[in-house]
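So you can see what is in the structure, the chains are spelled out below.
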Protein chains: 2
Amino acid sequence: MKEKIRVGYVGCGRRGYGIVKHNLADMDDVEIVMICDLCEASLERMRALLEEKGRPTPKMTTDYREVISNPDIDAVFFMTGWSGRPQMAMEAMRAGKYTAIEVGCADDLQECFDLVRTYEETGVPVMMLENCCYGRREMMALRLVREGLFGDVVHCTGGYHHDLREEDLFRAPKGEEYPHYRLGYYKTRNYENYPTHELGPISKILRINRGNRMVKLASFASKSAGLKEYAARVFGKDSPEANTEYAQGDIVTTLITCADGSTVLLNLDTTLPRAYYSRNFSVRETLGMSSEEGHVVFFDGMPHKIRDNEAEMYEKYDHPLHAEYVSKGVKIGHGGIDWLVCRAFIESVKAGTNTPIDAYDTAAWLAVGPLSEQSVKAGGAPVDFPDFTNGKWMNREPVVRGKYCLDEIVVDDSISVE
Amino acid sequence: MKEKIRVGYVGCGRRGYGIVKHNLADMDDVEIVMICDLCEASLERMRALLEEKGRPTPKMTTDYREVISNPDIDAVFFMTGWSGRPQMAMEAMRAGKYTAIEVGCADDLQECFDLVRTYEETGVPVMMLENCCYGRREMMALRLVREGLFGDVVHCTGGYHHDLREEDLFRAPKGEEYPHYRLGYYKTRNYENYPTHELGPISKILRINRGNRMVKLASFASKSAGLKEYAARVFGKDSPEANTEYAQGDIVTTLITCADGSTVLLNLDTTLPRAYYSRNFSVRETLGMSSEEGHVVFFDGMPHKIRDNEAEMYEKYDHPLHAEYVSKGVKIGHGGIDWLVCRAFIESVKAGTNTPIDAYDTAAWLAVGPLSEQSVKAGGAPVDFPDFTNGKWMNREPVVRGKYCLDEIVVDDSISVE
């Protein structure tokens, strides 16, 4: 076990800064030795933060290759925009660095195949930092499924129901020089561009890549009306924003069928007015259900018309990791899930094991974007989901058995080596 | 205007009985002159009910053709099981009777074409009694859309989220001789078998057949696990119920794309444990949203994180029909929607107009079943949605302008003749 992990940190924008501020900078076993961003102001801000927190002053660079080639670095975080992230990750893996990438989807399917090949050739782990895999609700559902209390899983839903118009698309966050890069995607592409917040936990529940796999995917995009209407109302009818064509449909519905006959429904919902944020997480089984919209966990035989019983269910069925975490005082940042996913990665680096979200998971989740784009273009025709494991999914076992494992429910603190 | 409508009533089972008991038997302008069922006990029960309510004793028959050929009858209700209903309806239309049919879907696409041809040849109206079109939530959304307060409609969801295992599939309702016929469908077919409760109101909101139409449909079925597991648990592993194969997938997801670029998501969800009944009604627009799951109506610009504000929204935006109805005291039976849909039909018969849900609507909604079966069989490949109007949808105007109209919002009581 390594005692301290030396981190190279690429991407110091809003998200990258937040992850350090609320998580990594507070971890005694993590030292950020080098930071990288194209924006000097973002670099300065991050350096100031680390000094303020009493951490060593990091080296700064605008060239990510300097991070990758730095022999003092054990692991690299890529908290950059969507494009180019898998390529940088592969370079880091080839340089022998444990690699973490922020959530997102691939620009092209080839990236996903390349990522898997890079992993298989180098043996160096790569992990998508899908924080929602460590969500309390999602982990409780995972526990109930693994302990057999829910029976056979039949159908799951998830979504990214988040109105991004004001905060993320049209207005650059305060303190950043660039307009949000996501808007470029919305102008040019039409697909499920943000699937992993729910597909991640659902994949774990369904044992994707470990006894099950995604077989087919179909996506359907509604018309694109929200951004243009919003821009005309907010910026004026003659504004450039109102006179731009947006390719992205407002609501993209994606249906995935799995080898075990279960189905997954995903929705992207980011450019229309919404009353509240939701990931629309639900899991349906032969013995029960969990539903974010109803805030309910239900077991067959309970009286009907139940909603809002999650608080008492957490008392009984909290995932042991959350129970421990809550007892120690919850860290901020998306309800603690950022902390947990960062710890899961760091613990893997320290122990020298594979990561709980591994290269096959990362590739499969990254692939949803380009696959959904294909299907949308084909009018919703289902497309084949590649088997990135090349048949190994049939017999793969969980590779990490520590408490951050998402495949089995592990109570004790030991992390076994593969 | 006719003062009294003489009704022939075919189908006196649980649903047929309930509609008479709580609705038709209390309408002074309706006289049920003949009742029909294959089950003598059901006929007797209905006769007793009508006498108990102080209504004239109806003639009784086990042959629906006697109802259709009875010259004293103005209108026929078919409250029978799913199969054969469209055929009986067409016979009634050819005999010149206004025809009402209970909700359901066609066994075959041909029935839908035949129904439209029968309407076009005879000019006799036929109406699916889709009570949910008159739901308070759905009518409020219709009003908000028509008045422009919601902007452009982009996406709608609906579903039949109703655990039918105990009440409807495995146990015949009390007092009925036959086991529930629906179980036969679940054994042999795999499709969206009950789409209209939400597709009905959504169609009206989207102006389907009146300026818009459904263009493509794709359906995806999960594995079938719920019924078999339930039967083994409740009836025993050696029971016939547990040793039957059920063809019906537990969750069927259907995606419909419309000519105007909007999308509709439907879910059939009837054979797994559920915490609560829901039709998952939601309408998403450029200026707002309505959501059953959140019990919320939201307009862009309101503070976020709003749920459960429907009560105050009904104060402001209740559909005038519901406002009038509530002020007169709500009738029982699914919150009054049975009463309203029956009144809508009866008022049309009295006025000699077309019905608010007409032959084209009825045919399109009936068609979802067989279309979804085709798509499920083809692994979710989208299928073309027939244009039952044969191009007339582009320019069709609302044909009924009375207060029960579902195309426009009509406040006054006048019902104009086409």
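Everything numeric in this text was worked out from a predicted model, so none of it was measured.

A. Inspection of the overall build of chain A at higher detail. Helix and strand counts for chain A stand at 14 helices and 14 strands. Relative to the globule expectation of 22 Å for 418 residues, the C-alpha radius of gyration of chain A, 21 Å, shows essentially globular dimensions. For chain A, the spread of C-alpha atoms along the three principal axes comes to 60 × 60 × 40 Å. Out of the 418 residues in chain A, the part that is buried amounts to 64%. In chain A, 75% of the contacts between residues at least 6 apart in sequence involve partners at least 24 apart. When the accessible surface of chain A is totalled, it reaches about 14,700 Å², and 50% of it is carbon and sulfur. On chain A, the mean spot of the 50 positive side-chain charges and the mean spot of the 64 negative ones are 1 Å from each other.

B. How the structure looks around empty space enclosed by the protein. Inspection of every chain in the model, using the stated rule, returns nine cavities of 30 Å³ or more. Approximately 510 Å³ is the volume attributed to the largest cavity. Along its surface, the largest cavity is lined by 32 residues, and Asn280 and Glu293 of chain A together with His161, Asn280 and Glu293 of chain B are the ones closest to its centre. Those elements that provide at least two residues to the lining of the largest cavity are β7 (153-161), β10 (263-269), β11 (282-285) and β12 (288-291) of chain A together with β7 (153-161), β10 (263-269), β11 (282-285) and β12 (288-291) of chain B. When its residues are assigned to classes, the lining of the largest cavity shows ten nonpolar, 14 polar and eight charged.

C. Representation of helix α14 (residues 359-377) of chain B in the model. Residue and element names in this part refer to chain B. For α14, which comprises 19 residues, the first-to-last C-alpha distance of 28 Å matches the rise-based estimate of 27 Å (1.5 Å per residue) to within 8%. At Val368, α14 is deflected by roughly 35°, the largest bend along its length, and proline Pro370 occurs up to four residues later in sequence. Burial within α14 is extensive, with 17 of its 19 residues counted as buried. Immediately beyond the C-terminal end of α14, within one or two residues, lies Gly379, with a positive phi of roughly 70°.

D. Just the pattern of salt bridges, in detail. For the structure shown, the criterion picks out 80 salt bridges over all chains. Here Asp300 of chain B makes a salt bridge to Arg233 of chain A, at a shortest N to O gap of 2.8 Å. A residue pair is termed interchain when its members come from two chains, as with Asp300 of chain B in the loop between β13 (296-299) and α11 (310-317) and Arg233 of chain A in helix α10 (residues 226-235). Residue class for Asp300 of chain B comes out partly exposed when judged on its relative accessible area of 22%.

E. Summary view of the packing of helix α6 (residues 136-146) of chain B against helix α12 (residues 320-327) of chain B. All names here are of chain B. Across the interface, α6 lies against α12 with an axial gap of 9 Å and an inter-helix angle of 140°. Considered as vectors, α6 and α12 are oriented oblique to each other. Every residue of α12 that contacts α6 at Arg136, Met139 and Arg143 is listed here: Pro320, Leu321, His322 and Val326. Across the contact of α6 with α12, the residue classes break down as four nonpolar, one polar and two charged.

F. Structural view of the interface of chain B and chain A. Between chain B and chain A, the residue contacts involve 53 residues of the former and 53 residues of the latter. The contact between chain B and chain A buries some 4,200 Å² in all, and 59% of this surface belongs to carbon and sulfur atoms. For the pair chain B and chain A, the interface holds ten salt bridges. The residue Lys223 of chain B makes a salt bridge to Asp152 of chain A at a minimum N-O spacing of 3.2 Å. Elements with a minimum of two residues in the side of chain B that touches chain A: β7, β8 (214-221), α10 (226-235), β9 (251-258), β10, β11, β12 and β13 of chain B. For the side of chain B that touches chain A, the residue count by class is 21 nonpolar, 16 polar and 16 charged.

G. Representation of the sheet that holds strand β4 (residues 75-78) of chain A. Residues and elements named next belong to chain A. Pairing is parallel in the open sheet, where six strands are placed in the order β3-β2-β1-β4-β5-β6. This sheet does not close on itself; its edge strands, each paired only once, are β3 (59-61) and β6 (126-128). For this sheet the average axis-to-axis angle between neighbouring strands, irrespective of direction, equals 25°. Two elements, strand β2 (residues 30-36) and β3, share three bridges in a ladder whose sense is parallel. Along β3, the bridge assignment pairs Ile35 with Met60.

H. Representation of the side chain of Glu285 of chain A within the structure. Within the element layout of this structure, Glu285 of chain A appears in strand β11. Here Glu285 of chain A occupies a buried position and makes no salt bridge, while the nearest side chain of opposite charge, Arg284 of chain A, is found at 6.0 Å. If near-sequence neighbours (up to four positions away) are discounted, Glu285 of chain A is found in contact with Val145, Phe150, Gly151, Asp152, Val153, Val154 and Ser290 of chain A together with Leu272 and Pro273 of chain B.

I. Summary view of the domain arrangement of chain A. All names here are of chain A. Annotation of chain A at the domain level lists domain 1 (5-131) and domain 2 (133-319 + 359-389). Spacing between the C-alpha centres of domain 1 and domain 2 amounts to 25 Å. With 30 residues of domain 1 in contact, the opposing surface of domain 2 contributes 35 residues. Counting the surface lost from both domain 1 and domain 2, the interface buries some 2,800 Å², and carbon and sulfur atoms represent 63% of this. Area buried by domain 1 at its contact with domain 2 is led by Arg14, Trp82 and Glu130, which between them contribute 27% of it. At the surface where domain 1 touches domain 2, the tally comes to one salt bridge.

J. The arrangement of the confidence of the model for chain A in detail. Residues at a pLDDT of 70 or more form 94% of chain A, whose mean pLDDT is 93. What the predictor reports for the complex is a pTM of 0.96 with an ipTM of 0.95.

K. Seen up close, helix α4 (residues 85-94) of chain B. Residue and element names in this part refer to chain B. Here α4 lies mainly inside the structure; seven of its ten residues are buried. Among the residues of α4, Arg85, Pro86, Met88, Ala89, Met90, Ala92 and Met93 are the ones counted as buried. Contacts from the buried residues of α4 go to α3 (64-68), β4 (75-78), β5 (98-101), α5 (109-122), β6 (126-128) and α14. Looking at the residues trailing α4, positive phi occurs at Gly96, about 85°.

Analysis parameters
- Residues numbered from 1 in each chain as written.
- Chains lettered and ligands numbered in written order.
- Predicted model: local features only at pLDDT ≥ 70, side-chain atom pairs only at ≥ 80, totals over all residues.
- Heavy atoms only, no water.
- Helix = DSSP H or I, 4+ residues; strand = E, 2+ residues; numbered from the N terminus.
- Rg over C-alpha atoms; globule rule 2.2 N^0.38 Å.
- Buried < 20%, exposed > 50% of the residue type's maximum accessible area, 1.4 Å probe, protein only.
- Contact = heavy atoms within 4.5 Å.
- Areas by Shrake-Rupley, 256 points an atom, 1.4 Å probe, with all protein chains shown as cover.
- Lys, Arg positive; Asp, Glu negative; His and termini not counted.
- Charge placed at Lys NZ, Arg CZ, Asp CG, Glu CD.
- 1 Å grid on protein atoms, 1.4 Å probe; cavity = no way out; pocket = protein on both sides within 12 Å on 5 of 7 lines; lining within 4 Å.
- Points joined across faces, edges and corners; volume = space filled by probe spheres on them.
- Nonpolar A, V, L, I, M, F, W, Y, C, P; charged D, E, K, R; others polar.
- Expected span 1.5 Å × (residues − 1).
- Bend = angle between axes of the 7 residues up to and from the residue.
- Salt bridge = Lys/Arg side-chain N within 4 Å of Asp/Glu carboxyl O.
- Axes fitted to C-alpha atoms, helices over the stretch in contact; angles between N-to-C directions.
- Parallel < 35°, antiparallel > 145°, perpendicular 65-115°, else oblique.
- Buried area = accessible area lost by both parts, 1.4 Å probe.
- Pairing = 2+ DSSP bridges.
- Domains from an automatic or database assignment.
- pLDDT = per-residue confidence, 0-100.

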